[in-house]
Amino acid sequence: MLDKEAIAKRIAKEIQHNSYVNLGIGIPTLVANYIPKNIAVCFQSENGLLGMGPFPKEADVDADLINAGKQTITMLPGAALFDSAMSFGMIHAQKIDLTILGAMEVSENGDIANWKIPGKMVKGMGGAMDLVASAKNIIVAMQHVNKNGESKLLTNCTLPLTGIRCVKKIVTELAVLAVLPEGGFKLLERAPGVSVEDIKKATLGKLIIEGEIPEMAFD
Amino acid sequence: MMINKQVKNAEAAIDDLNDGQTIMLGGFGLCGIPENCIAALVKKGVNNLTCISNNAGVDDFGIGLMLHQKQVKKMIASYVGENAEFERQLLSGELDVELIPQGTLAFRCMAAGYGMPAIYTPAGIGTEVAIGKEVRNFNGKDYLLETAFNADFAIVKAWKGDTAGNLIFKATSRNFNTVMAMAGKITIAEVEELVEPGQLDPNQIHVPGVYIHRIFQGSHYEKRIEQKTVSK
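Residues numbered from 1 in each chain as written. Chains lettered and ligands numbered in written order. Predicted model: local features only at pLDDT ≥ 70, side-chain atom pairs only at ≥ 80, totals over all residues. Heavy atoms only, no water.

To continue, consider the nonpolar core. Residues Val31, Ile100, Val140, Val167 and Ile170 of chain A are the most contacted members of the largest nonpolar core, which totals 51 residues. Here the element with the most residues in this core is helix 1 (residues 4-12) of chain A; it accounts for 5 residues. For Ile100 of chain A, the residues in contact, after removing those within four places along its chain, are Ile11, Ile15, Val21, Asn22, Leu23, Gly24, Pro28, Val31 and Ile139 of chain A. Counting 44 residues, the second-largest nonpolar core is a separate cluster that includes Ile23, Phe86, Leu95 and Val129 of chain B. (Core = buried A, V, L, I, M, F, W, Y, C linked by side-chain atoms within 4.5 Å. Buried < 20%, exposed > 50% of the residue type's maximum accessible area, 1.4 Å probe, protein only. Helix = DSSP H or I, 4+ residues; strand = E, 2+ residues; numbered from the N terminus. Contact = heavy atoms within 4.5 Å.)

Take a look at the structure:
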């Protein structure tokens with residue numbers, strides 16, 4: 001079973017050379033720490049920055065320079081600043097290659113729910129509905145089951161949707177799964193020490209298992 | 001002689017802002033919010049406002065100060081997760097809230113500033129955001145029709161400005177400030193440093209003064225940080 005850092009580390013392997021990537025709040029933010037040195041990547045923060053760097057040293061903290069999670073950050077050489085309209089313009093014009101975000105539920109046809117629990121939690125969708133509507137590739141980082149032990153990989157989402165038929169891949173503490181265009185979660189990899197049976201038990205939606213399922217590699 | 005937009009201070013700038021009006025407030029989280037004008041709105045006690053802003057501040061800062069005084073009737077925002085008083089007023093029904101995608105928020109401001117009545121966006125297709133809205137298919141993909149905002153006032157905060165109303169922003173405090181500045185029937189800009197025409201490089205202007213009706217140099221900026229995060 002993977003911890004959050006290991007989920008981030010596994011997702012980092014999905015990042016292509018020379019790509020523009022938007023990282024959501026939570027586990028996705030950690031992905032930036034595991035990019036291989038030979039991979040050129042530019043992180044977008046949808047509040048108006050391309051070329052986001054690591055958190056600042058204490059002396060370099062600037063209240064005017066934050067990421068979309070409202071954390072203080074830095075800019076890398078080659079960074080560019082812009083306003084919110086241009087930021088979502090480049091998202092909808094599909095200039096951003098990959099979006100990595102968290103989810104409360106994903107359905108077997110790639111629908112995602114991650115912004116609202118009716119009557120309980122009202123936080124809002126922020127930029128998530130824009131990102132999932134237009135990103136070329138969407139990877140979800142999340143726990144396989146919720147706090148009550150219920151599967152988050154479902155036939156249909158039960159919570160209000162953020163977007164439809166958009167998630168391409170899911171990385172959880174148990175597995176890496178592809179969401180097939182025709183529907184279904186195709187099991188690609190198992191986490192170390194996790195059996196196919198464990199994954200079956202934790203997956204409520206249609207799970208597709210073909211042949212031997214390899215264990216994740218992290219080199 | 002260059003047109004002069006300067007007013008004395010925040011109180012003068014919002015003098016004719018009245019109960020029941022719709023106002024836009026720039027900023028992302030607490031970054032780039034018009035602190036001086038928010039303080040003046042709280043002091044003036046203007047009520048029943050419809051506020052358009054990406055966020056709703058935190059409990060004791062930003063728009064949170066106005067929520068605390070129950071000055072806001074309706075909030076239009078994309079993310080309100082940092083404010084317990086907001087959540088309480090929403091769940092109790094005291095506050096009317098319209099949550100909209102962040103890009104839609106930006107584009108509806110942009111549309112107003114560009115004289116466009118509406119825009120099409122794929123954000124929200126297939127979700128509750130799409131309920132009751134016109135859907136149109138272009139090149140095989142569905143889009144929602146979203147109309148331009150119509151705000152009585154837009155209140156923004158810039159880094160530098162001149163008395164002609166030209167604005168320059170710093171780092172990520174630009175966020176919604178530029179598009180909101182372009183979208184108000186009356187736009188108020190508060191700036192950290194106000195200079196005479198000619199002192200800003202025209203090549204560096206982010207919002208030209210034509211969009212700005214009133215400008216003043218603010219004071220005592222707190223610039224509170226929501227999530228101070230440092231590396232060792």
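Attention now goes to the packing of aromatic side chains. Residues and elements named next belong to chain B. Tallied over the entire structure, the rule returns 2 aromatic pairs over all chains. A centroid spacing of 5.0 Å and a plane angle of 70° characterise the contact between Tyr120 and Phe138, whose relative ring orientation is edge-to-face. Of the two residues, Tyr120 sits in strand 5 (residues 118-121) while Phe138 sits in strand 6 (residues 135-138), which places them 18 residues apart along the sequence. Classification of Tyr120 as partly exposed rests on a relative accessible area of 30%. When its relative accessible area of 27% is taken as the criterion, Phe138 is described as partly exposed. What links up through ring pairs into an aromatic cluster is the set Tyr120, Phe138 and Tyr143. Sitting over the ring of Tyr221, Lys157 keeps its end group 5.1 Å from the ring centre. The residue whose ring lies beneath Lys160 is Trp159, and the NZ or CZ to ring-centre distance is 4.4 Å. (Phe/Tyr/Trp six-rings, centres within 6.5 Å; stacked < 30°, edge-to-face > 60°. Lys NZ or Arg CZ within 6 Å of the ring centre and 35° of its normal.)

At a minimum axis separation of 9 Å, helix 3 (residues 84-92) of chain A and helix 5 (residues 102-113) of chain B run at an interaxial angle of 120°. Taken together, the axis directions place helix 3 of chain A and helix 5 of chain B in an arrangement best described as oblique. Regarding helix 3 of chain A and helix 5 of chain B, the two cross each other, and that crossing is left-handed. Contacts between helix 3 of chain A and helix 5 of chain B involve Ser84, Ala85, Phe88, Gly89 and His92 of chain A from the first element and Gln102, Gly103, Ala106, Phe107 and Met110 of chain B from the second. A breakdown of the residues in the contact of helix 3 of chain A with helix 5 of chain B according to their chemical character gives 5 nonpolar, 5 polar and no charged. (Axes fitted to C-alpha atoms, helices over the stretch in contact; angles between N-to-C directions. Parallel < 35°, antiparallel > 145°, perpendicular 65-115°, else oblique. Left-handed = near helix turned anticlockwise from the far one by under 90°. Nonpolar A, V, L, I, M, F, W, Y, C, P; charged D, E, K, R; others polar.)

A separate point is the side chain of Glu87 of chain B. Its place among the elements puts Glu87 of chain B in helix 4 (residues 84-91). In contact with Glu87 of chain B, other than residues within four places in its own chain, are Lys120, Met121 and Val122 of chain A.

Overall, mixed pairing links the 10 strands, which are arranged 4-3-2-1-5-10-12-13-14-15 (chain A) in an open sheet. Sheet topology places strand 4 (75-81) and strand 15 (207-208) of chain A at the edges, where each strand pairs with a single neighbour. (Pairing = 2+ DSSP bridges.)

Below, the discussion takes up the sheet that holds strand 11 (residues 153-154) of chain A. Residue and element names in this part refer to chain A. In space, the 3 strands of this open sheet follow the order 7-6-11, with mixed pairing throughout. The sheet is open, and its two borders are formed by strand 7 (112-113) and strand 11, each paired with just one other strand. Two strands pair when backbone bridges link them, and strand 6 (residues 105-107) and strand 11 are joined in this way by 2 bridges, in the parallel orientation. In the strand pairing of strand 11, Val106 is matched with Leu153.

Moving on to the environment of Pro202 of chain B. Residues and elements named next belong to chain B. Note on placement: Pro202 falls in the loop between strand 10 (184-195) and strand 11 (214-217). With relative accessibility at 68%, the residue Pro202 sits in the exposed group. Distance in space between the C-alpha atoms of Pro202 and Glu85 is 43 Å, their sequence separation being 117 residues.

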